[in-house]
Amino acid sequence: MKSVLESYFYLLVITLIVIFSIDLIMINQRVSKINSLARYTESLIEINGEEGFKMAEELASKNNASISFEYYDSTEDYLYYEYTINYRIIAGSFKINKISSLEGLVRYRAYKK
């Protein structure tokens, strides 16, 4: 009887570890996806210029996030914008349900007319 209870306890502990691990993996995947989105957004805007802003907003909405841009600075050749990506992180077993944000800087060539 002792070995059955002991086995049940170990099974319960392992099950909890697996459930918590799956939640942590899902959180990590979400954060990694948003980081990839941020790097892709930077390249997208640098290549496409003004049109890239709209493309980045569409891409963010497809990934259940929102992105906003704010003018930051300019040089002779480039315009710089600061962006903020807001996204939700949810983990059931840890009772996490919060909005997180990622900030960065994006640039594109300022063409002289």
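Placed above this text is the structure.
Residues numbered from 1 in each chain as written. Predicted model: local features only at pLDDT ≥ 70, side-chain atom pairs only at ≥ 80, totals over all residues. Heavy atoms only, no water.

Next up on the list: the overall build of the protein. The number of helices and strands found in the protein is two helices and three strands. The linear arrangement of helices and strands in the protein, starting from the amino end, is α-α-β-β-β. Taking 2.2 N^0.38 as the reference for a compact globule, 113 residues should give roughly 13 Å; the C-alpha atoms of the protein span a radius of gyration of 22 Å, well beyond that estimate. Across its three principal axes, the protein shows a C-alpha extent of roughly 85 × 20 × 20 Å. Per-residue burial for the protein yields a buried fraction of 27% across its 113 residues. Considering only intrachain contacts with a sequence separation of at least 6, the fraction spanning at least 24 residues in the protein is 47%. (Helix = DSSP H or I, 4+ residues; strand = E, 2+ residues; numbered from the N terminus. Rg over C-alpha atoms; globule rule 2.2 N^0.38 Å. Buried < 20%, exposed > 50% of the residue type's maximum accessible area, 1.4 Å probe, protein only. Contact = heavy atoms within 4.5 Å.)

Turning our attention to a nonpolar patch on the surface. Taken together, the side chains of Y8, L12, L16, I19, F20, L24 and F94 define a hydrophobic patch exposed on the protein surface, amounting to about 650 Å² of accessible area. Turning to its location among the elements, Y8 is positioned in helix α1 (residues 2-48). Residue Y8 is classed as exposed on the basis of its relative accessible area of 54%. (Patch = residues over 30% accessible without salt bridge, like charges linked within 9 Å, V, L, I, M, F, W, Y side chains within 5 Å. Areas by Shrake-Rupley, 256 points an atom, 1.4 Å probe, with all protein chains shown as cover. Salt bridge = Lys/Arg side-chain N within 4 Å of Asp/Glu carboxyl O.)

On the secondary structure map, L11 appears in helix α1. Exposure remark for L11: the relative accessible area of 53% places this residue in the exposed category. Spatially, the C-alpha atom of L11 lies 52 Å from that of G52, the residues being 41 residues apart in sequence.

A word on the packing of aromatic side chains. Taken as a whole and judged by the stated rule, the model has eight aromatic pairs. Plain terms: the ring middles of F53 and Y108 are 5.7 Å apart, the flat faces sit at 80° to each other, and that makes the pair edge-to-face. Here F53 is found in helix α2 (residues 50-62), whereas its partner Y108 is found in strand β3 (residues 96-109), with 55 residues between them in sequence. Both residues of the pair, F53 and Y108, belong to the buried class. Here the aromatic residues F53, F69, Y71, Y81 and Y108 are joined through ring pairs into a cluster of three or more. The residue whose ring lies beneath R107 is Y78, and the NZ or CZ to ring-centre distance is 4.0 Å. (Phe/Tyr/Trp six-rings, centres within 6.5 Å; stacked < 30°, edge-to-face > 60°. Lys NZ or Arg CZ within 6 Å of the ring centre and 35° of its normal.)

With that settled, consider the pairing of β3. Strand direction decides the pairing type here: strand β2 (residues 78-91) and β3, joined by 14 bridges, are antiparallel. Bridge pairing in β3 places A91 opposite I96. Taking the residues that link successive antiparallel strands as the turn, the β2-β3 hairpin has four residues, and the phi of K95 there is positive, at about 60°. (Pairing = 2+ DSSP bridges.)

Along the chain, D23 falls in helix α1. In this structure D23 is buried but unpaired, with K95 as the nearest side chain of opposite charge at 8.9 Å. The residues touching D23, leaving out its near neighbours within four places in the chain, are A91, G92, S93 and F94. (Lys, Arg positive; Asp, Glu negative; His and termini not counted.)

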